[in-house]
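Below, each chain spelled out in residue letters.
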Amino acid sequence: MSKQYETVIGLEVHVELATKTKIFCGCSTEFGGAPNTHTCPVCTGMPGSLPVLNKQVVEYAMAVGLATNCKINQYCKFDRKNYFYPDNPQNYQISQLYLPICHDGGIEIETSAGKKVIGIHEIHMEEDAGKLVHDEWEDCSLVDFNRSGVPLIEIVSEPDMRSADEVIAYLDKLRLIIQYLGASDCKLQEGSMRADVNLSVREAGASEFGTRTEMKNLNSFKAIARAIEGERARQIELIEEGKKVIQETRRWDDNKEYSYAMRSKEDAQDYRYFPEPDLVPIVISDEWLERVKANQPELRDEKKLRYKKEYDIPEYDINILTSSKKLADIFENTIALCNKPKEVSNWLMVETMRLLKEEEKEPDDICFSPVNLAKLIGLIDEGAINRTVAKEVFEVIFREDADPEKYIEEKGLKTVNDEGALRSTIEEIVEANPQSVEDYHAGKTKAMGFLVGQTMKAMKGKADPGMVNKILLEILAE
Amino acid sequence: MDLMKLTAVELGKKIKAKEVTVKEAVEAAFARIEKMEGKINSFVTTDKEAALRRAGEVQKLIDDGTLTGPLAGVPVAVKDNMCTSGMLTTCSSKILENFVPTYTAEAVLNLERAGAVVLGKTNMDEFAMGSTTETSAYGVTRNPWNTEHVPGGSSGGSCTAVAAEECSFALGSDTGGSIRQPSSFCGVTGIKPTYGTVSRYGLIAYGSSLDQIGPIAKDVTDCAAILEAIASYDPKDSTSVKRDSYDFTSALTDDVKGMRIGIPKDYFTDGLDSEVKDAIMKAAEELKKKGAIVEEFDLSLVEYAIPAYYIIASAEASSNLARFDGVKYGYRTSEYEGLHNMYKRTRSEGFGAEVKRRIMLGSFVLSSGYYDAYYIKALKTKALIKQAFDKAFERFDVILAPAAPTTAPKLGESLSDPIKMYLGDIYTISVNLAGLPGITVPCGVDSKGLPIGMQLLGDCFQEKKIIRAAYSFEQTRSYVRCPICEEGGSLDE
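Residues numbered from 1 in each chain as written. Chains lettered and ligands numbered in written order. Predicted model: local features only at pLDDT ≥ 70, side-chain atom pairs only at ≥ 80, totals over all residues.

Undergrad: Looking at this structure, I do not really get the overall build of chain A. What am I missing?
TA: Helix and strand counts for chain A come out as 15 helices and 16 strands. Taking 478 residues into account, the globule formula puts the C-alpha radius of gyration at 23 Å, and chain A, at 30 Å, lies well above it. Along the longest, intermediate and shortest principal axes, the C-alpha atoms of chain A span 95 × 60 × 55 Å. Counting the 478 residues in chain A, one finds 36% classified as buried. A fraction of 68% describes how many contacts in chain A between residues 6 or more apart in sequence connect residues 24 or more apart. (Helix = DSSP H or I, 4+ residues; strand = E, 2+ residues; numbered from the N terminus. Rg over C-alpha atoms; globule rule 2.2 N^0.38 Å. Buried ≥ 20, exposed ≤ 12 C-beta atoms within 10 Å, placed from the backbone. Contact = placed C-beta atoms within 7 Å.)

Undergrad: How should I be thinking about the overall build of chain B in this particular structure?
TA: Within chain B, the regular secondary structure consists of 16 helices and eleven strands. Whereas a compact globule of 493 residues would reach a radius of gyration of roughly 23 Å, chain B reaches 21 Å, a difference of no more than 12%. Considering only C-alpha atoms, chain B reaches an extent of 60 × 55 × 45 Å along its principal axes. With 493 residues in all, chain B has 61% of them scored as buried. Within chain B, counting contacts between residues at least 6 apart in sequence, those at least 24 apart form 77% of the total.

Undergrad: Explain the interface of chain A and chain B to me, please; I cannot follow it from the model alone.
TA: As a measure of interface size, the accessible area lost when the parts come together is often cited. Facing 24 residues of chain A, the contacting portion of chain B comprises 31 residues. Class assignment for the residues of the side of chain A that touches chain B results in 14 nonpolar, six polar and four charged. (Nonpolar A, V, L, I, M, F, W, Y, C, P; charged D, E, K, R; others polar.)

Undergrad: Honestly, the nonpolar core in this entry has me stumped. Any pointers?
TA: One recurring pattern in soluble globular proteins is that nonpolar side chains are buried together. Counting 160 residues, the largest nonpolar core has Leu71(B), Val76(B), Val117(B), Val162(B), Phe169(B), Ile226(B) and Ala470(B) as the members making the most contacts within it. Residue contributions to this core peak at nine residues, all from helix α9 (residues 302–320) of chain B. Once residues lying within four places of it in the same chain are set aside, the contact partners of Phe169(B) are Ala8(B), Val74(B), Val76(B), Val162(B), Pro215(B), Ile216(B), Ala217(B), Asp222(B) and Ile226(B). Core analysis: the second largest hydrophobic core is formed by 61 residues, Ile120(A), Val150(A), Met215(A) and Ile224(A) among them. (Core = buried A, V, L, I, M, F, W, Y, C linked by C-beta atoms within 7 Å.)

Undergrad: Please explain the domain arrangement of chain A as it appears in this structure.
TA: Taken as a whole, chain A is organised into domain 1 (5–287), domain 2 (298–411) and domain 3 (419–477). Here the C-alpha centroids of domain 1 of chain A and domain 3 of chain A sit 67 Å apart. (Domains from an automatic or database assignment.)

Undergrad: Please explain the sheet that holds strand β5 (residues 92–95) of chain A as it appears in this structure.
TA: Sheet strands pair by backbone hydrogen bonding; their relative direction is either parallel or antiparallel. Residue and element names in this part refer to chain A. Pairing is antiparallel across the open sheet formed by three strands, whose spatial order is β5-β4-β15. Both outer strands of the open sheet, β5 and β15 (274–275), are each paired with one neighbouring strand and no more. Bridge count for strand β4 (residues 79–82) against β15 is two bridges, and the pairing is antiparallel. By the bridge assignment, aspartate 79 is partnered in β15 with proline 275. (Pairing = 2+ DSSP bridges.)

Undergrad: Is there a simple way to explain the sheet that holds strand β6 (residues 212–217) of chain B in this structure?
TA: All names here are of chain B. Spatial ordering of the open sheet is given by β1-β3-β2-β4-β6-β5-β10-β11-β9-β7-β8, a layout of eleven strands whose pairing is mixed. Edge positions in the open sheet fall to β1 (43–46) and β8 (293–297), since each of these has one partner strand only. Each adjacent strand pair in this sheet contributes to an overall mean axis angle of 30°, direction not counted. Here strand β2 (residues 75–79) runs beside strand β4 (residues 169–174); their pairing, made up of three bridges, is parallel. Among the inter-strand pairings, valine 78 is bridged to a residue of β4, identified as leucine 171. Seen against the sheet, helix α8 (residues 274–289) touches β7 (260–264), β8, β9 (398–402), β10 (438–445) and β11 (451–458) and runs at an angle of roughly 55° to β11. (Axes fitted to C-alpha atoms, helices over the stretch in contact; angles between N-to-C directions.)

Undergrad: Help me out: how do you make sense of the pairing of β6(B) in this one?
TA: Regular strands place side chains that alternate from one sheet face to the opposite one. All names here are of chain B. With six of six residues buried, β6 is to be regarded as a mostly interior element. Inspection of the sheet shows β4 paired to β6 by five bridges, in the antiparallel sense. Each bridged residue has a counterpart across the sheet, and for serine 173 the counterpart in β6 is isoleucine 213.

Undergrad: Would you mind showing me how to read the packing of helix α12 (residues 419–432) of chain A against helix α15 (residues 465–477) of chain A here?
TA: Pairs of packed helices are described in terms of their axes, by the angle between the two and the distance that separates them. Residues and elements named next belong to chain A. Closest axis-to-axis distance for the α12/α15 pair is 10 Å, and the angle between their directions is 55°. Regarding the angle of α12 to α15, the classification is oblique. Relative to α15, the crossing made by α12 is right-handed. Facing α12, whose interface residues are Leu422, Arg423, Ile426, Glu427 and Val430, α15 presents Met467, Val468, Ile471, Leu472 and Ile475. Of the residues assigned to the contact of α12 with α15, the class counts are eight nonpolar, no polar and two charged. (Parallel < 35°, antiparallel > 145°, perpendicular 65-115°, else oblique. Left-handed = near helix turned anticlockwise from the far one by under 90°.)

Undergrad: What exactly am I supposed to notice about helix α10 (residues 387–400) of chain A here?
TA: Each turn of an α-helix holds 3.6 residues, which means side chains three or four residues apart point in the same direction. Residues and elements named next belong to chain A. Here α10 is 14 residues long and its end C-alpha atoms lie 20 Å apart, about the 20 Å a rise of 1.5 Å per residue gives. Taken residue by residue, α10 has Val389, Ala390, Val393, Phe394, Ile397 and Phe398 as its buried positions. Packing partners of the buried residues in α10 comprise α8 (341–358), α9 (370–381) and α11 (404–411). Trailing α10 by a residue or two, aspartate 401 shows a phi angle of about 55°, which is positive. (Expected span 1.5 Å × (residues − 1).)

Undergrad: Would you mind going over the packing of helix α2 (residues 22–40) of chain B against helix α3 (residues 48–63) of chain B with me for this structure?
TA: Residues and elements named next belong to chain B. Look at α2 against α3: their axes get within 8 Å of each other, and the N-to-C directions meet at 155°. Our classification of the angle between α2 and α3 gives roughly antiparallel. Taken as a pair, α2 and α3 cross one another with a handedness that is right-handed. Of the residues in α3, those touching α2 at Val22, Lys23, Val26 and Phe30 are Lys48, Ala51, Leu52, Ala55, Gly56, Val58, Gln59 and Ile62.

Undergrad: I'm lost on the confidence of the model for chain B in this one. Help?
TA: Caution applies to low-pLDDT parts of the model: their predicted coordinates are not meant to be read in detail. Of all residues in chain B, 99% attain a pLDDT of 70 or more, and the chain-wide mean is 96. Both confidence scores are given for the complex: pTM 0.90, ipTM 0.95. (pLDDT = per-residue confidence, 0-100.)

Undergrad: How should I be thinking about the pairing of strand β9 (residues 140–144) of chain A in this particular structure?
TA: Here five bridges tie strand β8 (residues 131–135) of chain A to β9(A), and the two strands are oriented antiparallel to one another. The residue of β9(A) that forms the bridge with Lys131(A) is Asp144(A).

Undergrad: Is there a simple way to explain unusual backbone geometry in this structure?
TA: Among all residues except glycine, the phi angle is most often negative; among peptide bonds, the trans geometry is most common. Residue Ser154(B) follows Gly153(B) across a cis peptide bond; omega there is 10°. Among the secondary structure elements, Ser154(B) is positioned in the loop between β3 (117–122) and α5 (156–163). Unusually for a residue other than glycine, Cys186(A) sits at a positive phi of about 50°. Structurally, Cys186(A) can be placed in the loop between α2 (164–181) and β11 (193–203). At Ala128(B), a position not held by glycine, the phi torsion is positive, near 65°. Following the sequence through the fold, Ala128(B) ends up in the loop between β3 and α5.

Undergrad: Looking at this model, I keep getting lost on the environment of Lys18(B). Mind explaining?
TA: All names here are of chain B. Locating lysine 18 in the fold gives a position in the loop between α1 (8–16) and α2. On the basis of neighbour counts, which here come to 9 C-beta atoms within 10 Å, the residue lysine 18 falls in the exposed class. In this structure the C-alpha to C-alpha distance between lysine 18 and isoleucine 62, which are 44 residues apart in sequence, comes to 9.5 Å.

Undergrad: How should the environment of Thr388(A) be read in this particular structure?
TA: By the secondary structure assignment, Thr388(A) is in helix α10. Taking the C-alpha atoms as reference, Thr388(A) lies 8.9 Å from Lys462(A); in sequence the two are 74 residues apart.

Undergrad: Before we go on, may I ask you to explain α8(B) in this structure?
TA: All names here are of chain B. In this model, α8 (16 residues) spans 22 Å end to end at C-alpha, consistent with the 22 Å of a helix rising 1.5 Å per residue. What α8 keeps buried is the set Val276, Ala279, Ile280, Ala283, Ala284 and Leu287. What you see down the axis of α8 is that its buried residues fit within an arc of 140°, all on one side. Exposed side chains of α8 directed beyond 90 degrees from the buried face belong to Ser274, Glu285 and Lys289. Phi turns positive, to about 105°, at glycine 291, one or two residues after α8. (Arc of directions from axis to C-beta.)

Undergrad: Even after reading the chapter, I still don't get the environment of Ser285(A), so can you show me in this structure?
TA: Residues and elements named next belong to chain A. In this fold, serine 285 is placed in the loop between β16 (282–283) and α4 (286–294). Residue class for serine 285 comes out exposed when judged on the 9 C-beta atoms lying within 10 Å of it. Here the alpha-carbon distance between serine 285 and glycine 182, two residues 103 residues apart in the chain, equals 23 Å.

Quick look at the structure:
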């Protein structure tokens, strides 16, 4: 490759909103369920049925728009996008084209190359389609409309990204903002967040964009990064060979690490968009907008600043603790119960992260309650258990959300604070290990450690190490 | 006593007074249907068994005092584009030949709550597209005044069922005149309410922004009572309007003193049949005699209404009818290879010519590159037409106009020239574009023996004004039964 090329990327991100009911009817949005059980005449496109907008969808869309610095269209409309496909029961999708709810925003990302703002062209609301199931045995296709009418927002970025790193940083930031808002769980694998990548390349320094392609079927951050590298290489190769990049939609196959053309611009469908006559325009009053603004939760950037100010914990820890809304919530809720930020942070940063890694889980999968972590910290604090026992108990809390008080009671793990019992055990140990006592008096401090270890072993780990040290020193000094 | 000769309200009174049972009323209707259907074909579906069962239930509710309204126990016919749970609903199309809804349209539910008994579903132009009821997949409906003539459309079956006394009243729907024009052709009374007054939930959409369900009956009193029963705010229909009042019957007063009535000069041009014109002018004189102030004025923009309407209605229809694809319900072609072939064959075989014409027209005007030139321009025209009416209603309480340029044409005359047929909608269409209420009342019979109707149009939500004007006019003449009813059509001889 003789020339230098620049990659230009824009994203279309679909996010499934966390409403309880669908966008235009009262059916449940719950995942799973036997096929066509979360359906009604509206979301199965029965003749004569009519859509009624779920207000919560508008609020979530507004919240995401505000959090991404968008302008809110206080007068917006739905449009019909017409196309035939069996997963789409009406053969049109209710979406927004002419007056989307949010527009002209942007978010700041940070990569190794520094900070940068990625523009957001618009955010619009729309409905999801059903799911087709192809039965190879019967040679037929079946359709499940449970997903039909689940609310989505589509966040359309400006073509402001130049590398896979920037794309990942943008997606990650977007995901966190939306999770913090509680508007969606944004899980790529489960499809509650989906990204289509629009990519073109051009010679470095060129002012015009090259011809772009759109890539679909990207199910993880890693797949997105690979797809970007793959598509960039494919386009550069075409250009170097003197061929043209064709504007088309391509499907990424992450196993083969290659994309395949789905349809070109020539046979692109004409969606014949027009205003949805079954819905009235959405008028967002100043009061409504102000209320949504006032209810915006603290987002990650603000949270980081506050943690720095309020808790004396390192910036690295703050970054990790705020990398998931779930983690930050547990952190704050536990502190509220025990008022030991440093201690709570340690349990989350060290033991929790270790166990998550071991079980190949994400912070969002954490299922223990702050109450039990706070209790554990309290038990250590009052010397009821030592740290070794505490780690063992925490594993049970992590896995089963066990109540630590009950657990140590049942298992008899409580530290022995009975000085008399401890003293007699230590006396026995000292008596049984004359060589070590001699070594200790000869200035070999290692011998002290051995004696402590022997005591702990004899006490089955339940002794308070501080007390063991104290008594041992007293006996040795005699 | 011939129960079917009575108006709905008269029959309701007799049922309430225990002079007549609901079962007797329903049986009288079916006796009449059996006698008339072979001649006129008003119905796609009738269900005597279900109606008699319902009659029993309603009778109990009347007897125990639960149902006290004017329509309790009164037999009704419903246009076949309104969903009825458990009863075939075809839109007079082959593509819905086997469609039995699981739910009932809100307007029909409201009628059922009022105690009306559904007899069956009436024939119509396929998907309400047409002005003659000749485009039905289930045969043409004939005008009971003269079976060589069309009944008008698209609510032709509902209007003939009322005129031929096969039911006490009927529901129709009006997208561009589909209640008012066939009411005029069949000598009955029909109201197209203000857009948003009657819920569209369960009405199989043709042009969503124009469709409105309304009553068809023998007189204005019936229509007001029926409208009162079917109108409601419905949260299931986002375009439903919460009105301040749903009272319409209090407007049934014979008093037009000082009422300002406008006659749009632009409606009385060469295209208007002279006999129709004379009948309307005579009606204007009658109203004047009663103290109304009648003046002519220029409405303007009249010639733009038809193109604007056909663009908007067809555009919406092209999308509304996309769901009929053979996948989920309705007709599916018997042989096909693959999905696209299935779509193509199902829709080619399932839709009739007029429906296909409008789907193609609508798809064309929405396609990229033409959207602004056609659809947007049509929307702007619609807004201007609304403004022209707003201006008119600053001066007038109601507007008096013909319902159609001629009386009912002969069968087969209209479909050969669709443009001419579309032009026949000139007096009814702008009312839908502007969302206004309109009523058709009979005002004469022409030399061919066919009825002439006139329209009274009001500003949005001013139904009471048109009802009052129509009721006052109605007092100047008596109801003219169609000849078929007079010629031994009675059942009590």
